[in-house]
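# Chains, contacts and geometry: an overview
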Amino acid sequence: MNKDTILTILILLSLLLGVLWGQFGLFDASVSDEVIAQTVQPYQEIGDLVFIRPLRMMIIPLVFVSVVVGVCAIGDPERLGLLGGATLAYYFTTMAAAVILGQVLVNITKPGVGADPTQYETAAVQAYATKQVSIEAGQTGGVGGAFQSLLQDMIPTNPIAAAANGSTLGMVTVGIVFGIALVMTRDPARPVIVVFEGMFQAMIKLVTWIIWLAPIGIFFIVSAKVGQTGFQKLAGPIGLYGLTVVLGLLIHMLITLPLILWLLGRTNPYGFLVAVRKPLLMAFSTASSSATLPVTIEECQKKGGCSKRAANFVLPLGATVNMDGTALYQAVAVTFLFQMFGVDLTLTQQMSILITAVLAAVGAAGIPSAGLVTMAIVIGAVNQSLVRQGLEPMPLWTIMIILGVDRILDMCRTAVNVWGDAVGARLITRLAPDTDDERAQALA
Ligand code: ASP
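Now for a look at the structure at hand. (Residues numbered from 1 in each chain as written. Predicted model: local features only at pLDDT ≥ 70, side-chain atom pairs only at ≥ 80, totals over all residues. Heavy atoms only, no water.)

As a further point, take the site of the ligand. Taken together, 16 residues are adjacent to the ligand, and Ser 289, Thr 326, Gly 371, Asp 410 and Arg 413 come closest. The side chain of Thr 326 places a nitrogen or oxygen atom 2.7 Å from an oxygen atom of the ligand. Between Asn 417 and the ligand, the recorded distance is 2.9 Å, taken from a side-chain N or O atom to an oxygen atom. When the free accessible area of the ligand is taken as 270 Å², the share hidden by the protein chains comes to 100%. Elements represented by at least two residues in the shell around the ligand include exactly α16 (370-388) and α17 (403-431). Of all the elements, α17 adds the most residues to the shell around the ligand, at four residues. Classifying every residue of the shell around the ligand gives six nonpolar, eight polar and two charged. (Near = heavy atom within 4 Å. Polar contact = N/O pair within 3.5 Å; in protein donor to acceptor, adjacent residues only side chain to side chain. Areas by Shrake-Rupley, 256 points an atom, 1.4 Å probe, with all protein chains shown as cover. Helix = DSSP H or I, 4+ residues; strand = E, 2+ residues; numbered from the N terminus. Nonpolar A, V, L, I, M, F, W, Y, C, P; charged D, E, K, R; others polar.)

Now for the pattern of salt bridges. This structure, assessed with the given rule, holds ten salt bridges. Taking the shortest distance from any N to any O, the salt bridge between Asp 410 and Arg 413 comes out at 3.4 Å. Of this pair, Asp 410 and Arg 413 both sit in helix α17, three residues apart, which is roughly one turn of that helix. For the residue pair Asp 410 and Arg 413, the accessibility class agrees, reading buried in each case. It is possible to trace a salt-bridge network through shared partners that takes in Asp 4, Arg 277, Lys 278, Glu 299 and Lys 303. (Salt bridge = Lys/Arg side-chain N within 4 Å of Asp/Glu carboxyl O. Buried < 20%, exposed > 50% of the residue type's maximum accessible area, 1.4 Å probe, protein only.)

A word on unusual backbone geometry. The phi dihedral of Lys 110 falls on the positive side, at around 45°, and the residue is not glycine. Tracing the sequence through the fold places Lys 110 in the loop between α3 (77-109) and α4 (118-154). Look at Ala 287: it is not a glycine, yet its phi comes out positive at around 55°. As for its placement among the helices and strands, Ala 287 is situated in the loop between α11 (277-286) and α12 (289-302). Given the relative accessible area of 1%, Ala 287 is considered buried.

Applying the stated criterion across every chain, the model contains nine aromatic pairs. Considering the side-chain rings of Phe 64 and Phe 196, the 5.8 Å spacing of their centres and the 70° angle between planes classify their relative orientation as edge-to-face. You can see Phe 64 sitting in helix α2 (residues 33-74) and its partner Phe 196 sitting in helix α7 (residues 190-211), a full 132 residues away along the chain. Each member of the pair, Phe 64 as well as Phe 196, is classed as buried. Residues Tyr 241 and Phe 336 carry aromatic rings whose centres are separated by 4.8 Å and whose planes lie at 15° to one another, so their mutual orientation is stacked. A residue pair is termed long-range when its members are at least 10 positions apart, and Tyr 241 in helix α9 (residues 236-265) and Phe 336 in helix α14 (residues 324-340) qualify at 95 residues. Residue Tyr 241 is classed as buried on the basis of its relative accessible area of 0%. Phe 336 sits in the buried class, given a relative accessible area of 0%. An aromatic cluster is defined as three or more aromatic residues linked by ring pairs; in this entry it consists of Tyr 43, Phe 219 and Phe 220. Over the ring of Tyr 329 we find Arg 413, and its NZ or CZ is 3.7 Å from the ring centre. (Phe/Tyr/Trp six-rings, centres within 6.5 Å; stacked < 30°, edge-to-face > 60°. Lys NZ or Arg CZ within 6 Å of the ring centre and 35° of its normal.)

This is how it looks when you write it as structure tokens:
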């Protein structure tokens, strides 16, 4: 058995043990959420220390270096523009496809129809108090505000501050412009490009070491999260809502994206899925696309056959911008909540969900629960149209009705987010393989 298979088995085992221990060893339905939180805290902290922190340590430097290396490898800025356009087109079409799928499914399963929201009110209002500030801020700004802050994030005034604040998007921009400058400077800049290449290789080496911590880290993180919520909450209308999200995610992951990859990328999609299984498992365990990013970059290139030109550029951008799973989940969640409140959404309102869910997913950071917060933007857009019709808007505490199942859904949607990024990198590899020979072959 080779090292890679051993590692995959260990990761799967630790995931399984984490779920079992969380559910049967830690979760206790008879005690309050605070008591459970205390029980699971040490697990959370160990997982964080052993695995999440080392991974996060890599994100910012790796994003910067990998984008610079990717841009230098692409070379010609015109070609970069072409690839950028293709990448964005891919991100937005697949996110829109995911939202439409979610909308179709939730209109078939109708999990919220006939459910009584008042039974969840006390707990939801209480939970809402802890996130009120960020949720309201998201809603007040609306789509325009979210877009503005995204643009501001993209153009940092101080790259060092952007790095220190962990702004992946800011680092992507700085990496792109610096990379272009290096290419255009030609000879005097060549040694710098070589240094960046070396740094990139060394960082990838570090990531291969960190991956070996996954089996330990994943056990602790997953048992803490499952121990916190348990699976019992997957019952009633909320259970049906959760199943609708999971069904949508499975269809998008196993049918829609593979079809695109097969048709446009001429790649065996399921072979590719198996090849990039590690980042998918990490995404599922950590519920963070950003924390998974170092592993995604490493594995897509080493195992998935993605070119440096494509992966180094498509993946860092995708980790914050491209979130198919989040977009789908937001469409289902918002429609579910409005169903509960007895609102029959019009076609125009469904269209506004389509647009705002894509934007809210773009605006969500690659961290746990980010999608839950930016969902306020989608609700806000529908509320506006309700008010125009002279109807009552839906209160924002309703978001917290789905809090109980959110972590589990977060794990699933994050895996789909990362899968969407990986498929994008594989597709763009066809347009930008690493050598001219490969390019000719890929385009043949
Ligand atoms: N956790 C997701 C991610 O990192 C974002 C979200 O939907 O909350 O990709």
